[in-house]
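Each chain, letter by letter, is given below.
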Amino acid sequence: MERNVSHGFYGSIINFCEKVIPVYAVYEYDDADITTINVDLILLDAKEKHQKLHKLIRDQFGSRMIIQDERGVHFVIEQMKNLKQGEGKVNIDVGSMTYGMEECVIEDPESVSIIAKISPSGIVSTEISRISHSDGNVEVDRLTDHTIEWNSDIGIFDVRKSYEHFTGQEKERKIYISVEYSKLYLDLPTETGKFDINAVREIIPEYFEHICTILSFCFRQPVWLYEIKYMISQGHDKPIMTPNKRTTFHKNLSLLPHEPLIDSRNLCRGGFHDLMEKYWKTPIRDGIKNSIQFLASSHNRTLEESYFLAFSALDSITEIVISQIGFDTSIPKTDWKKIEKSLRNSLNSVNSVNYIYVNRIKNKLPELRRMSFADKLLIVVDHLKIDVIDLWTKDGLSEGVMKSSQIRNNLFHMSNVQSYSALFDSMIRIRHLTERIILRCLDWPKDKLWMLHDLSLVNVNNNEKTD
């Protein structure tokens, strides 16, 4: 099996002008590289038409390109990045491609399986040991009951680490390479007698994306969905149909070398199902997803960026929980009018020498109607009964959050960092507080966290004792 995936076909561009543009198209990518998809087109019209067609393609650059092959199957290019063309040849770096995902209804399919590839590889692993022998065999010892599944309303999603095997040649020697992948599997029921891809092609990616969100929360890093492939079997005498979609990203993700929040062992034996069910059914799912995405992104950026993202995660989950419990975070309009009038009258009596400052204060008065972030966070912590005693051991929660807010404000408004050590320590505490709020929203028990999940916080607290 070759690692470079390449497929060529004759077809026509059908959406750039009234007439179709006949082409020979080839798409190619490295199966283990999520950063690049390359598409080459050869224009098949007469040479004298090439200049006009090149101009048309250039003018349409960035638009969606649909190429229909000889069987009527659509190859769709989206998010064009780079374009090179001349002498009847066109080369495009694309951000996303789909093949065979247009209207497709299969009568009496034998089976329908969906395989999604996610990055980074190996994020979920139930292997205890892996031994490679000289005869080419690989001996793998796994956890007992090592399946990580979610029995959802549309089918059973299975999360696995897997390997694909590729052949090649190096220094005149044959080589055999095993490449690690992270994959999601779903078998769809076929009892209805037909499979309509239109009914699921918008729904399935949403389910996969939510699974990636929970995995990124468990393993404290971004998890990206980059390929979905449908495997539709129509019986032994017919070929397997494989509609697919692949998306590129700006880099290949690596597994970050830190302790997870919830490890693979605790996701086995129904753990992942319980976590996904609680997440899927909570009325604040979208808010939790938003917070997790901020939180996960804070683990692979520069320190300053990470601090912003971590604080945004805490701010986001605080707002959504406050909204859910129905707490009014602003002073009622009637009461505020009375308070504002009293404040303005008081400010008007200030000595005229200081009047320039009075105007500045008046401009800030509308902000006083809204509750501060720190006050909202304290309400959330109290309402959810979050354990915070080990977060700011010296300052306490209230003062610690205020100091963290000041660090953020200085960084955002003045691009100023007074202490990188304080910035890092505050970021660690903010991350842990955000995780605890989300864990409580998902009703996840503390005894099902990874045993070293709080190691970074312990280190920060120990360093504070020695300062």
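Above this note sits the structure.
Note that the coordinates shown come from a computational prediction; the quantities given were computed from them, not determined experimentally.

1. Description of the nonpolar core
- Core analysis: the largest hydrophobic core is formed by 82 residues, its most contacted members being L215, Y230, F272, L433 and I437.
- Ranked by residue count, the leading element in this core is helix α2 (residues 203-219), at 10 residues.
- Those residues in contact with I437 that lie beyond four places of it in its chain are L314, I317, V321, L377, V380, L384 and I386.
- In this structure, F9, I13, Y27 and M80 belong to the second largest nonpolar core, which totals 25 residues.

2. With respect to the packing of aromatic side chains
- As enumerated under the stated definition, the model contains 17 aromatic pairs in all.
- A ring pair is formed by Y27 and Y29, whose centres lie 6.3 Å apart and whose planes are at 10°; its orientation type is stacked.
- Aromatic pair W224 and F249: ring centres 4.6 Å apart, planes at 10°, arrangement stacked. In this pair, W224 is assigned in strand β15 (residues 224-233) and F249 in the loop between β16 (244-247) and α3 (264-267), connecting sequence segments 25 residues apart.
- When its relative accessible area of 21% is taken as the criterion, F249 is described as partly exposed.

3. Quick look at the layout of surface pockets
- The calculated volume of the largest pocket comes to roughly 670 Å³.
- Lining the largest pocket are 20 residues, and of these E367, S372, F373, R408 and N409 lie nearest its centre.
- Those elements that provide at least two residues to the lining of the largest pocket are α6 (303-325), α8 (355-368), α9 (373-384) and α10 (396-414).
- Of the residues forming the lining of the largest pocket, the biggest block, 7 residues, is contributed by α10.
- Considered class by class, the residues forming the lining of the largest pocket number 7 nonpolar, 6 polar and 7 charged.

4. Side note on α2
- With 17 residues, α2 should cover 24 Å at 1.5 Å per step; its first-to-last C-alpha distance of 25 Å lies within 8% of that length.
- Of all 17 residues that make up α2, 13 are buried, and the element is covered over most of its length.
- Positive backbone phi, approximately 55°, marks R220, located one or two places after α2.

5. Some details on empty space enclosed by the protein
- Under the criterion given, the structure shown has 1 cavity of 30 Å³ or more.
- Empty space within the largest cavity amounts to approximately 30 Å³.
- Residue lining of the largest cavity: S216, F217, R220, I292, L295, A296, H299 and E435, and that is the complete set.
- At the level of secondary structure, the elements contributing two or more residues to the lining of the largest cavity comprise α2 and α5 (285-297).
- Sort the elements by how many residues they give to the lining of the largest cavity and α5 lands first, with 3 residues.

6. Focus on unusual backbone geometry
- Looking along the chain, the bond that leaves S119 and enters P120 is cis, with omega of 10°.
- The backbone phi angle of Q79 is positive, close to 55°, even though this residue is not glycine.
- Note on placement: Q79 falls in strand β5 (residues 74-86).

7. Considering the pattern of salt bridges
- Per the stated rule, a full pass over the model turns up 18 salt bridges.
- Across the pair R246 and D31 runs a salt bridge whose closest N-O atoms are separated by 4.0 Å. Taken together, the positions of R246 in strand β16 and D31 in the loop between β2 (21-30) and β3 (38-43) put the pair 215 residues apart, joining distant regions of the chain.
- When its relative accessible area of 1% is taken as the criterion, R246 is described as buried.
- Among the charged side chains, a network of salt bridges with common partners joins D31, K117, E164, K183, E227 and R246.

8. Notes on the environment of L439
- Residue placement: L439 occurs in helix α11 (residues 420-441).
- Under the relative-accessibility criterion, L439 is labelled buried at 8%.
- The spatial distance from the C-alpha of L439 to the C-alpha of S297 is 18 Å, given a sequence separation of 142 residues.
- Ignoring anything within four residues of it in the chain, the contact list for L439 reads F217, L261, I262, W444 and L449.

9. Details of a positive patch on the surface
- Together, R265, R269, K278 and K448 make up a positively charged patch on the protein surface.
- By the element assignment, K448 lies in the loop between α11 and α12 (455-466).

10. Digging into the pairing of β15
- Counting buried positions along β15 gives 8 out of 10 residues, so the element sits mostly inside the fold.
- Two elements, strand β8 (residues 111-119) and β15, share 9 bridges in a ladder whose sense is antiparallel. Residue pairing in the sheet places I118 in a bridge with L225 of β15.

11. A word on a nonpolar patch on the surface
- On the surface, M451, L452, L455 and V458 cluster together to form a nonpolar patch covering roughly 340 Å² of accessible area.
- Within the fold, L452 resides in the loop between α11 and α12.

12. Observations concerning α10
- Taking 1.5 Å per residue as the helical rise, α10 with its 19 residues ought to reach 27 Å, and the 26 Å between its terminal C-alpha atoms agrees with that figure.
- Listed as buried for α10 are L397, G400, V401, S404, S405, N410 and L411.
- Buried positions along α10 lie against α6, α9 and α11.
- S415 occupies a position one or two residues after α10 and carries a positive phi of about 50°.

The rules behind these values
- Residues numbered from 1 in each chain as written.
- Predicted model: local features only at pLDDT ≥ 70, side-chain atom pairs only at ≥ 80, totals over all residues.
- Heavy atoms only, no water.
- Core = buried A, V, L, I, M, F, W, Y, C linked by side-chain atoms within 4.5 Å.
- Buried < 20%, exposed > 50% of the residue type's maximum accessible area, 1.4 Å probe, protein only.
- Helix = DSSP H or I, 4+ residues; strand = E, 2+ residues; numbered from the N terminus.
- Contact = heavy atoms within 4.5 Å.
- Phe/Tyr/Trp six-rings, centres within 6.5 Å; stacked < 30°, edge-to-face > 60°.
- 1 Å grid on protein atoms, 1.4 Å probe; cavity = no way out; pocket = protein on both sides within 12 Å on 5 of 7 lines; lining within 4 Å.
- Points joined across faces, edges and corners; volume = space filled by probe spheres on them.
- Nonpolar A, V, L, I, M, F, W, Y, C, P; charged D, E, K, R; others polar.
- Expected span 1.5 Å × (residues − 1).
- Salt bridge = Lys/Arg side-chain N within 4 Å of Asp/Glu carboxyl O.
- Patch = residues over 30% accessible without salt bridge, like charges linked within 9 Å, V, L, I, M, F, W, Y side chains within 5 Å.
- Areas by Shrake-Rupley, 256 points an atom, 1.4 Å probe, with all protein chains shown as cover.
- Lys, Arg positive; Asp, Glu negative; His and termini not counted.
- Charge placed at Lys NZ, Arg CZ, Asp CG, Glu CD.
- Pairing = 2+ DSSP bridges.

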